[in-house]
Amino acid sequence: MVTAVIRSNRSPARTRRRSRSPFFTLLGLLLLVLAIGGFWPQYFSAAIGGTAEPTTRFWLIHLHAALFVAWLVAYIVQSALVLSGRTAIHLKTGPWLAGFGFTIALVGLFAASRLAARFGERMRDFEAGAAFVFFPLIDMVYFAGFLAVAVAFRKKPEIHKRAMFVATFSIAVVGWGRLVARLGYDSPWVWQPLILAPLLIVIVYDLAVRRKVFAVMAAGLFVHLARLNAEGFVESEWWLPVGRALIAPFR
C-alpha cells in the first residue's frame, strides 16, 4: 500500500518533468540551424552581403524565406514557453500561430507553382518545372496536414508537440536536404537516413523514454521517406499533367 502511494505521488512529478523537457526546444533550434545552413551559400550569405544571385532576386523568394524562418523561430519560442512553465501564454498564442501556419501554407502553395514556373524558364524545360513543383507542393501539404493534426490534438500534449515537430520538419527538410547533398554521399542508404535523422531521433527518444512509437511520428517518417523516393513518380504521366496544370498560369 505504501509503495503504491509513493508511486502515485511520484507519477505527476515525472509527468511534469517530461512535459518540461528541453528535448523539443533543442530540436527546434537544430531545425533552424539546419535550414539556414542548407540555404546559406545560395541565399542567406548572398542576401546579407548584397550579392544575391539572379535566381534569388525575386520578391516571392524573400517572402517565402522570411515566413518560414519566422515559423521556425515561433516554434522554438512556443516550445520554450512550455519549458519555462509559461503554458498560459503558450495556449493564448497557439491559435494565432496556427492561423499564421495555415496562412504561410497557402503562400507556400502559390510560391510552389510560381517558382516552379521560373525554374522551368531558367532551365528552358517546362517539363522539368512540372516535375519539380511536386516537392514544394507536397512539403506544404505535409506542413498543413500535420499542423491540422496538432490543432486537433491540442488537448493531448504528447501528440500535439510531435505533430507540431513533424509539421516544422516539413519546412526545414528542404534546407537540411541541401546541406546533406553538399556532403556528397551518393548512396541512398546514407543520405536518406541523414535527412530523416531529426524524425528518427524523436522516435528513438520515444522508445527509450516512453517505450512506444507515436503514430504521428510513424506517419511523419513514412510520408517523408516516400517524398525522398518520389523522383520516378514526378517524372511519370501520373504526375506530369498535374504539374503542367499547376505551372501553366505562370508561364
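Residues numbered from 1 in each chain as written. Predicted model: local features only at pLDDT ≥ 70, side-chain atom pairs only at ≥ 80, totals over all residues. Heavy atoms only, no water.

**Regarding a nonpolar patch on the surface**
Let me state the cut-off plainly: Residues with no salt bridge and a relative accessible area higher than 30% make up the patches, which join like charges within 9 Å and nonpolar side chains (Val, Leu, Ile, Met, Phe, Trp, Tyr) within 5 Å. In this description, accessible areas are obtained by the Shrake-Rupley approach with a 1.4 Å probe, and a residue is regarded as covered only by the protein chains that are shown. What makes a salt bridge here is a side-chain nitrogen of Lys or Arg within 4 Å of a carboxyl oxygen of Asp or Glu, nothing more. For helices the rule is a DSSP run of H or I covering at least 4 residues; for strands it is a run of E covering at least 2, with both sets numbered from the N terminus onward. Burial classes follow relative accessibility: with a 1.4 Å probe on protein chains only, a residue under 20% of its type's maximum area counts as buried, one over 50% as exposed, and anything between as partly exposed.
A contiguous nonpolar surface patch, about 490 Å² in accessible area, is contributed by Leu 183, Tyr 185, Trp 189 and Val 190. Relative to the helices and strands, Tyr 185 resides in the loop between α7 (157–183) and α8 (188–195). Taking the relative accessible area as the measure of exposure, Tyr 185 reaches 45% and is therefore partly exposed.

**Thoughts on the environment of Ser 113**
The test is simple: Only heavy atoms enter the contact rule, under which two residues are in contact if any of them lie within 4.5 Å.
Mapped onto the elements, Ser 113 comes out in helix α4 (residues 87–123). For Ser 113, a relative accessible area of 7% corresponds to the buried category. Non-local contacts of Ser 113, meaning those with residues more than four positions away in its chain, are made with Val 133, Leu 246, Ile 247 and Phe 250.

**Concerning helix α10 (residues 215–228)**
To keep things clear, this is the line we draw: The span one expects for a helix is its residue count, reduced by one, times 1.5 Å. Note that the arc is defined by the directions from the helix axis to the C-beta atoms.
For α10, built from 14 residues, the straight-helix expectation of 20 Å at 1.5 Å per residue is met to within 8% by its first-to-last C-alpha distance of 20 Å. Buried within α10 we find Val 216, Met 217, Gly 220, Val 223, His 224, Arg 227 and Leu 228. The arc that holds the buried residues of α10, viewed along the axis, is 145°, so those residues lie on one side. Turned more than 90 degrees away from the buried face of α10 sit Ala 215 and Phe 222, all of them exposed. Considering only its buried residues, α10 is in contact with α6 (134–152), α7, α8 and α9 (197–209).

**A short note on the packing of α8 against α9**
In plain terms, the rule: To obtain each axis, a line is fitted to C-alpha atoms, and for helices this fit is confined to the stretch in contact; angles are then taken between N-to-C directions over 0 to 180 degrees. For classification, angles of less than 35 degrees are called roughly parallel, those exceeding 145 degrees roughly antiparallel, those between 65 and 115 degrees roughly perpendicular, and all remaining angles oblique. The nonpolar class holds Ala, Val, Leu, Ile, Met, Phe, Trp, Tyr, Cys and Pro. Asp, Glu, Lys and Arg form the charged class, and all remaining residues, Gly among them, are polar.
Running from N to C, α8 and α9 point in directions that differ by 70°, and their axes come no closer than 5 Å. It follows that α8 is roughly perpendicular to α9 by the angle criterion. Contacts between α8 and α9 involve Pro 193, Leu 194 and Ile 195 on the former and, on the latter, Ala 197, Pro 198 and Leu 200. Split by residue class, the contact of α8 with α9 holds six nonpolar, no polar and no charged.

**A short note on the packing of aromatic side chains**
The cut-off we apply is this: Two rings from Phe, Tyr or Trp (for Trp, the six-membered ring) form a pair when their centres sit within 6.5 Å of each other. Planes less than 30 degrees apart are called stacked, planes more than 60 degrees apart edge-to-face, and all others tilted.
Taken as a whole and assessed by the stated rule, the structure comprises 11 aromatic pairs. Ring centres of Phe 23 and Phe 24 lie 5.1 Å apart, and the angle between their planes is 85°; on these two criteria the pair is classed as edge-to-face. Residue classification places Phe 24 among the buried residues on the basis of a relative accessible area of 6%. For the ring pair Phe 24 and Phe 165, a centre distance of 6.0 Å and an interplane angle of 70° mean the geometry is edge-to-face.

**Details of the nonpolar core**
To keep it simple, the criterion reads: Only buried residues count toward a nonpolar core, which is a set of Ala, Val, Leu, Ile, Met, Phe, Trp, Tyr and Cys residues joined through side-chain atoms within 4.5 Å.
Of all hydrophobic cores here, the largest spans 58 residues; its most connected members are Trp 71, Phe 143, Phe 165 and Met 217. Counting residues per element, this core draws most heavily on α7, at 11 residues. Residues within four places of Met 217 in sequence aside, it is in contact with Arg 162, Phe 165, Val 166, Leu 199, Val 202, Ile 203 and Asp 206. Grouped together as the second largest cluster of nonpolar side chains are seven residues, Tyr 43, Phe 44, Ala 65 and Ala 111 included.

**So, the confidence of the model for the protein**
Heads up, the rule is: Confidence of the prediction at every residue is given by pLDDT, a number between 0 and 100.
Looking at the protein, pLDDT values average 87 and 87% of them are 70 or higher. This model gives residues 1–13 a pLDDT under 50, and the stretch forms one contact once residues within four places in sequence are excluded.

**Things to note about unusual backbone geometry**
For Arg 124, which is not a glycine, the phi torsion comes out positive at approximately 55°. Following the sequence through the fold, Arg 124 ends up in the loop between α4 and α5 (126–132). Judged by relative accessible area, Arg 124 falls into the exposed class, the value being 80%. Within the chain, Arg 211 stands out as a residue other than glycine whose phi angle is a positive 60°. Here Arg 211 shows up in the loop between α9 and α10. In this structure Arg 211 comes out as exposed when scored by relative accessible area, which is 65%.

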